Amino acid sequence: MFDTFCFLDSNNYQSDNYCQWEFLLAIGVQQELEIKEKGVTPFEQFKAFQKAQQDWLFGFLSYDLKNDIEELSSQNKDKINLPLLHFFVPSILIKLTKRLELEITTVNINPKTVFDAINATEVPTSTPKVFDNVNAKFTKSEYTDTIKKIQQHIVEGDIYELNFCQEFFINDIDLEVLEFFIQLNQLAKAPFTTFYKKKNQYLCCASPERFLKKRGDKLISQPIKGTIKRGATPEKDEQQKKLLHRSKKDRSENVMIVDLVRNDLSKSCKTGSVNVTELFGIYGFEQVYQMISTIEGKLNSNIHFIDAIKNAFPMGSMTGTPKVKSMQLIERYEKTKRGLYSGAVGYITPDDDFDFNVVIRSALYNASNKYLSFQVGGAIVYDSIPEKEFEECLLKAKAILNVLHPIQYKITETDQELNEILLLQKANSMYSISSEEAQKEGFVTVQHTLELLKEMNAPFQHTIALFEGRVIAYALVMLKSIASKIPILIPMFEQINQLNYKGQQLGKTRYIVMGQICIDKLYRGKGIFYRLYENMKIQLQTDFQYIITEVSSRNQRSLRAHYKVGFENIKIYTSQKEEWNILVLAIR
């Protein structure tokens, strides 16, 4: 219905002391400014547009505006093709305050009509497709070799730090963009989330980072440098948080960018007013912990606030130090034009206040050419380990990859840990048999299923249950399309595909969980399945419709454990050994 809208969601993030709105939704266009080409004084046009409107403005600044700020160029390919700059005055503006007070402002339509239309709208519940064809512009070896070249520039004194990025992409993809955004937002719950549409081009952004905010005469910037994944348990989570805070490498990256941002703000702020109000703050998000510092200053009354944006753009966290040389090397070594990625999206109020994010953890989609792109990167310094930098890229892309393909791209425990679990399981479990023997006996064990998955080179995921720091159980998660190719599961899938639960055909689910396997007999019957299920919800952060598990028909405690966590027995598939059954369980 509308060609243009911008949705900004703080996701009720409690650690942002500067956030003023729970969400802002700008819909439709009264007036707009669009600049596509270099050399047309974009920031001067931006100032003139803002002065003429004196209204709420929503829009974005693309990274390649750098070419109008400095003597730079961008020659890499861009298949998203958004303009350099786009701002608009909305026809409908919906604001939700932190006190959950809703305000609707409209032009040529009754606000109540808008409110009633919102209440009558059903949120999509269907599940997006699973996409297997995610491509990368760099192979892992190309990426790590390029990092070594960048480090040589550091050795030679050209730069101290550089933000190096790579693109992942899918060609010829029919993406249900709204469903994709909803799933991404549910996974990431980021404080600077953005859903932006400009005709056939979309931004789905789950950014945790603020570029620049103005409130009154105060300017606030909060660069991020330093990332570590969340732990699978509260104990591991706290360890990861402390590890990031103590990391010399991450502190070094962070303080270099803090110095750069201080320099950028000093161009616009009163002398002596620029201060670091927080250094090396550790902030928790759904997938990761981040090291964030806060720099504040008072805007000089002689400086236009749009010039303050220009003086700090592009943001130091996405360029490097020195900034201009870093941007020259970024153009040399990256393979994709950044476009809106590592640019900024935000709003400007009628009172000349503003708040802009950093466009990271984002997917860009061009519906005209069916091209999906998302870029990730990290700060390269002298002591960076190239392989670790590559792993950090995957970690930062985790939420997007999970939406596109929730199993293949999971970032979890190491293969070594899984192998150790299997050794324990073989030593303690009655299932210490080969795949061939298991098929003869009619068992569907995680052990032999894992062997088959590895033979097939098929994607899978595992999750573990811990008790007092010990691994006591684990389960496999795999795509249904893969699981249905495993010989022992084929006859069971013939029955699963016919199952209905509350009017829904279970056979349409994307993937299944296979468990439980209890490693230590001491813990059997002690709520293991409950622990495993709860850990799956936390660690996998995904939706699954049914679980396949084996139980003894005599083990009533095990059956009660299934009911306790909200599963209902849908079908029992009896194995050749009559005292053992395969249960197919569906979430209530």
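Provided above is the structure to which this section pertains.
Quick look at the structure, then. (Residues numbered from 1 in each chain as written. Predicted model: local features only at pLDDT ≥ 70, side-chain atom pairs only at ≥ 80, totals over all residues. Heavy atoms only, no water.)

## Digging into the overall build of the protein chain
Logical step 1: Regarding its fold elements, the protein chain presents 18 helices and 29 strands.
Logical step 2: The 588 residues of the protein chain split such that 59% are buried.
Logical step 3: Of the contacts made within the protein chain by residues no fewer than 6 positions apart, 74% connect residues no fewer than 24 positions apart.
Logical step 4: For the protein chain, the accessible area works out to roughly 25,600 Å², and carbon and sulfur atoms hold 48% of it. (Helix = DSSP H or I, 4+ residues; strand = E, 2+ residues; numbered from the N terminus. Buried < 20%, exposed > 50% of the residue type's maximum accessible area, 1.4 Å probe, protein only. Contact = heavy atoms within 4.5 Å. Areas by Shrake-Rupley, 256 points an atom, 1.4 Å probe, with all protein chains shown as cover.)

## Thoughts on helix α1 (residues 42-53)
Logical step 1: Under the 1.5 Å per step criterion, the end-to-end length of α1 is 16 Å for 12 residues, consistent within 8% with the ideal 16 Å.
Logical step 2: Within the sequence span of α1, burial applies to P42, F43, F46, K47, F49 and Q50. With its buried residues spanning 165° around the axis, α1 presents them on a single face. Those residues of α1 that are exposed and angled more than 90 degrees off the buried face are K51 and A52.
Logical step 3: Buried residues along α1 sit in contact with β3 (31-35), β4 (57-61), α2 (66-69), β5 (85-89), α8 (305-312) and β18 (344-348).
Logical step 4: Count one or two residues on from α1 and you reach Q54, which has phi positive near 50°. (Expected span 1.5 Å × (residues − 1). Arc of directions from axis to C-beta.)

## Re the side chain of N185
Logical step 1: Summarising the element assignment, N185 is placed in helix α5 (residues 177-188).
Logical step 2: Of note is the side chain of N185, whose polar atom sits 3.4 Å from the side chain of T193.
Logical step 3: Non-local contacts of N185, meaning those with residues more than four positions away in its chain, are made with D9, N11, A190 and T193. (Polar contact = N/O pair within 3.5 Å; in protein donor to acceptor, adjacent residues only side chain to side chain.)

## Quick word on the state of the cysteines
Here, the word disulfide means a covalent bond between the sulfur atoms of two cysteines.
Logical step 1: One pass over the full model with this rule turns up 0 disulfides.
Logical step 2: With no disulfide partner, C204 has as its closest neighbouring cysteine sulfur the one in C205, 9.1 Å distant. (Disulfide = S-S within 2.5 Å.)

## What to know about the nonpolar core
Logical step 1: Formed by 60 residues in total, the largest nonpolar core has its most connected members in F46, F58, L61, F211 and V345.
Logical step 2: Contact partners of F46, with chain neighbours within four places excluded, come to L33, L57, L61, L85, F87, I306 and I348.
Logical step 3: Formed by 55 residues, the second largest nonpolar core is a distinct cluster that contains L72, F164, A363 and V376. (Core = buried A, V, L, I, M, F, W, Y, C linked by side-chain atoms within 4.5 Å.)

## What to know about unusual backbone geometry
Logical step 1: The omega torsion of the bond from F313 to P314 falls at -10°, within 30 degrees of zero and hence cis.
Logical step 2: A positive phi angle, close to 55°, is found at N11, a residue other than glycine.
Logical step 3: Within the fold, N11 resides in the loop between β1 (4-9) and β2 (21-27).
Logical step 4: Backbone geometry places K189, a non-glycine residue, at a positive phi of 50°.
Logical step 5: As for its placement among the helices and strands, K189 is situated in the loop between α5 and β10 (192-198).

## Quick look at the side chain of E22
Logical step 1: Along the chain, E22 falls in strand β2.
Logical step 2: Not counting residues within four places of it along the chain, the set of residues in contact with E22 comprises L8, D9, S10, N11, N12, L96, T97 and K98.

## Section: the pattern of salt bridges
Logical step 1: Inspection of every chain in the model, using the stated rule, returns 23 salt bridges.
Logical step 2: Among the ionic pairs, R210 bridges to D16, the shortest N-O distance being 3.0 Å. One end of the pair, R210, is in strand β12 (residues 210-215); the other, D16, is in the loop between β1 and β2, and 194 residues separate them in sequence. Side by side, R210 and D16 carry an identical accessibility label, which is buried.
Logical step 3: Linking D237 and R230 is a salt bridge whose minimum nitrogen-to-oxygen distance equals 2.7 Å. (Salt bridge = Lys/Arg side-chain N within 4 Å of Asp/Glu carboxyl O.)

## Let's talk about the packing of aromatic side chains
Logical step 1: Applying the stated criterion to the full structure yields 25 aromatic pairs.
Logical step 2: Aromatic pair W21 and W56: ring centres 6.0 Å apart, planes at 70°, arrangement edge-to-face. Separated by 35 residues along the polypeptide, W21 in strand β2 and W56 in the loop between α1 and β4 bring together distant segments of the chain.
Logical step 3: The exposure class assigned to W56 is buried, which follows from its relative accessible area of 11%.
Logical step 4: Joined through ring pairs, the aromatic side chains of F5, F7, F23, F181, F195, Y202 and Y365 make up one cluster. (Phe/Tyr/Trp six-rings, centres within 6.5 Å; stacked < 30°, edge-to-face > 60°.)

## Some words on a nonpolar patch on the surface
Logical step 1: Together, V255, V276 and L279 line one region of the surface with nonpolar side chains, adding up to about 190 Å² of accessible area.
Logical step 2: On the secondary structure map, L279 appears in strand β15 (residues 275-284). (Patch = residues over 30% accessible without salt bridge, like charges linked within 9 Å, V, L, I, M, F, W, Y side chains within 5 Å.)

## Focus on the environment of V255
Logical step 1: Note on placement: V255 falls in helix α7 (residues 248-266).
Logical step 2: With 25 residues separating them in the primary sequence, V255 and F280 have C-alpha atoms 8.2 Å apart.

## Quick look at the environment of K218
Logical step 1: Following the sequence through the fold, K218 ends up in strand β13 (residues 218-222).
Logical step 2: Overall, the relative accessible area of 35% leaves K218 in the partly exposed class.
Logical step 3: In sequence terms K218 and N300 are 82 residues apart; their C-alpha atoms lie 9.6 Å from each other.
Logical step 4: Discounting residues that sit within four places of it in the chain, K218 has contacts with K213, E296 and G297.

## Some details on the packing of helix α4 (residues 140-155) against helix α10 (residues 386-396)
Logical step 1: Here α4 crosses α10 at 120°, and the two axes come no closer than 9 Å. Classed by the angle they form, the pair α4 and α10 counts as oblique. Note on packing geometry: the crossing formed by α4 with α10 is right-handed. Of the residues in α10, those touching α4 at K140, Y143, T144, I147, K148 and Q151 are P386, E387, E389, F390 and C393.
Logical step 2: Residue composition of the contact of α4 with α10, by class: 5 nonpolar, 2 polar and 4 charged. (Axes fitted to C-alpha atoms, helices over the stretch in contact; angles between N-to-C directions. Parallel < 35°, antiparallel > 145°, perpendicular 65-115°, else oblique. Left-handed = near helix turned anticlockwise from the far one by under 90°. Nonpolar A, V, L, I, M, F, W, Y, C, P; charged D, E, K, R; others polar.)

## Notes on the packing of α1 against α8
Logical step 1: The geometry of α1 relative to α8 is characterised by a closest axis approach of 10 Å and an angle of 150° between their N-to-C directions. Classified by the angle their axes make, α1 and α8 are roughly antiparallel. In this structure, α1 crosses over α8, and the sense of that crossing is right-handed. On α8, the residues that touch F43, E44, F46, K47 and Q50 of α1 are F305, I306, D307 and K310.
Logical step 2: Of the residues contributing to the contact of α1 with α8, the split by class is 4 nonpolar, 1 polar and 4 charged.

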